[in-house]
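Residues per chain are reported as follows:
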Amino acid sequence: MSTITIASDPEDAAAVEAVEAHHTQLAGELAGRVSVLLDTVVRDPAGAEEIRAGLAAFCERELLPHAAAEEKALYPAAHATTEARLLVDGMLAEHRRLAALAAAVRSAPTAVHAAAEARALQVLFEEHLEKENTLILPLIAGSAELSLAELLAGMHELLGGHEHGEDGERAEAGGCGGHCACGETEEAADPELDVREVPHAIRHATVFGALGAVPAGRAMVLVAPHDPKPLLAQIESRNPGVFSVEYLERGPEAWRLRLSHR
């Protein structure tokens, strides 16, 4: 989801980079959460309900506010141009569809149905971001009449840079809630996230999203193409003392690690 955008000034160029970086973060975190839900539906159907709830909350907390901010800050300026009017109308229609899919993730009759809706949501969201990166942002940033930096001033939902932190991220996973290891008579299989085929640009964000879906007292198995020491350092920096790491396999083709949410 990267392209070369010619901006009219350095401030607009910086704004483009910030928006694209936030898009990468959102796409990766969504991909991680969807992957964990899909895998958990197969391995541990009972545990998938909590994963589904966390994904729905993520959409309501991150994705839908992002779309609303676009409609407030970006789309009116682009819609005012002749070349982008029909495009923006289509993007607005996609927002309605994204909102409907997010609602379906929460309200689907079973976790299996929710996983299908979640995968559709992921595909549409990634396509939507691609059009924003390659069509909407270049149009505004390259215009001498419009200032992308001014349009986005203070719009944290678009620029990123605000961490919801452990309280916001862990709130949906914390506590027992009947899904942790305590009191279980049979240990459920850990969901597995294989990032070897995940695009490098969103690989770390995908892992962060997947870990955000792991409830307290449960674990996730990460499969990586190399020893992910820099990633593990980032995980510890973001969530000090929250995850313990156990190596299950050390190459040469794959490194498998169990990351347990304490």
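Up top is the structure these notes are about.
A quick note: this is a predicted structure, and the numbers were derived from the prediction, not measured. (Residues numbered from 1 in each chain as written. Predicted model: local features only at pLDDT ≥ 70, side-chain atom pairs only at ≥ 80, totals over all residues. Heavy atoms only, no water.)

A closer look at the overall build of the protein chain
Across its full length, the protein chain holds ten helices and four strands. Going from N to C terminus, the protein chain has its helices and strands arranged as α-α-α-α-α-α-α-α-β-α-β-α-β-β. Scored against the burial criterion, the 262 residues of the protein chain give a buried share of 47%. Taking all contacts inside the protein chain whose residues are at least 6 apart in sequence as the whole, residues at least 24 apart take part in 75%. On the protein chain, roughly 12100 Å² of surface is accessible, and the fraction owed to carbon and sulfur atoms is 56%. (Helix = DSSP H or I, 4+ residues; strand = E, 2+ residues; numbered from the N terminus. Buried < 20%, exposed > 50% of the residue type's maximum accessible area, 1.4 Å probe, protein only. Contact = heavy atoms within 4.5 Å. Areas by Shrake-Rupley, 256 points an atom, 1.4 Å probe, with all protein chains shown as cover.)

Quick notes on helix H2 (residues 48–73)
An ideal rise of 1.5 Å per residue puts 38 Å on 26 residues; H2 measures up with 36 Å between its terminal C-alpha atoms. At Cys59, H2 is bent by approximately 35°, the largest bend along its length. (Expected span 1.5 Å × (residues − 1). Bend = angle between axes of the 7 residues up to and from the residue.)

Details of the side chain of Glu70
Take Glu70: it is sitting in helix H2. Buried within the structure, Glu70 lacks any salt-bridge partner; Arg96 is the closest side chain of opposite charge, at an N-O distance of 8.7 Å. A polar side-chain atom of Glu70 sits 2.8 Å from a polar atom in the side chain of His66. (Lys, Arg positive; Asp, Glu negative; His and termini not counted. Salt bridge = Lys/Arg side-chain N within 4 Å of Asp/Glu carboxyl O. Polar contact = N/O pair within 3.5 Å; in protein donor to acceptor, adjacent residues only side chain to side chain.)

What about the sheet that holds strand E4 (residues 255–261)?
The strand order across the open sheet formed by four strands is E1-E2-E4-E3, and the pairing between neighbours is mixed. Of all strands in the sheet, those bounded by a partner on one side alone are strand E1 (192–194) and strand E3 (243–250). Across the sheet, the mean angle separating the axes of adjacent strands is 20° when strand polarity is ignored. Sheet topology note: the strand E2 (residues 219–224)/E4 ladder contains six bridges and is antiparallel. Within the sheet, the bridge partner assigned to Ala224 lies in E4 and is Trp255. Most of the contacts of helix H10 (residues 229–238) go to E3, to which it runs at about 165°, and overall it touches E2, E3 and E4. (Pairing = 2+ DSSP bridges. Axes fitted to C-alpha atoms, helices over the stretch in contact; angles between N-to-C directions.)

Observations concerning the packing of helix H1 (residues 10–43) against H2
Two numbers describe how H1 lies on H2: the axes approach to 10 Å, and their chain directions differ by 160°. Taken together, the axis directions place H1 and H2 in an arrangement best described as roughly antiparallel. In this structure, H1 crosses over H2, and the sense of that crossing is left-handed. For the pair H1 and H2, contact is made by His22, His23, Leu26, Glu29, Leu30, Arg33, Val34, Val36, Leu37, Thr40 and Val41 and by Ala48, Ile51, Arg52, Gly54, Leu55, Phe58, Arg61, Glu62, Leu63, His66 and Glu70, respectively. When grouped by side-chain class, the residues that make up the contact of H1 with H2 number eleven nonpolar, five polar and six charged. (Parallel < 35°, antiparallel > 145°, perpendicular 65-115°, else oblique. Left-handed = near helix turned anticlockwise from the far one by under 90°. Nonpolar A, V, L, I, M, F, W, Y, C, P; charged D, E, K, R; others polar.)

Read these as spatial facts, not as claims about activity.
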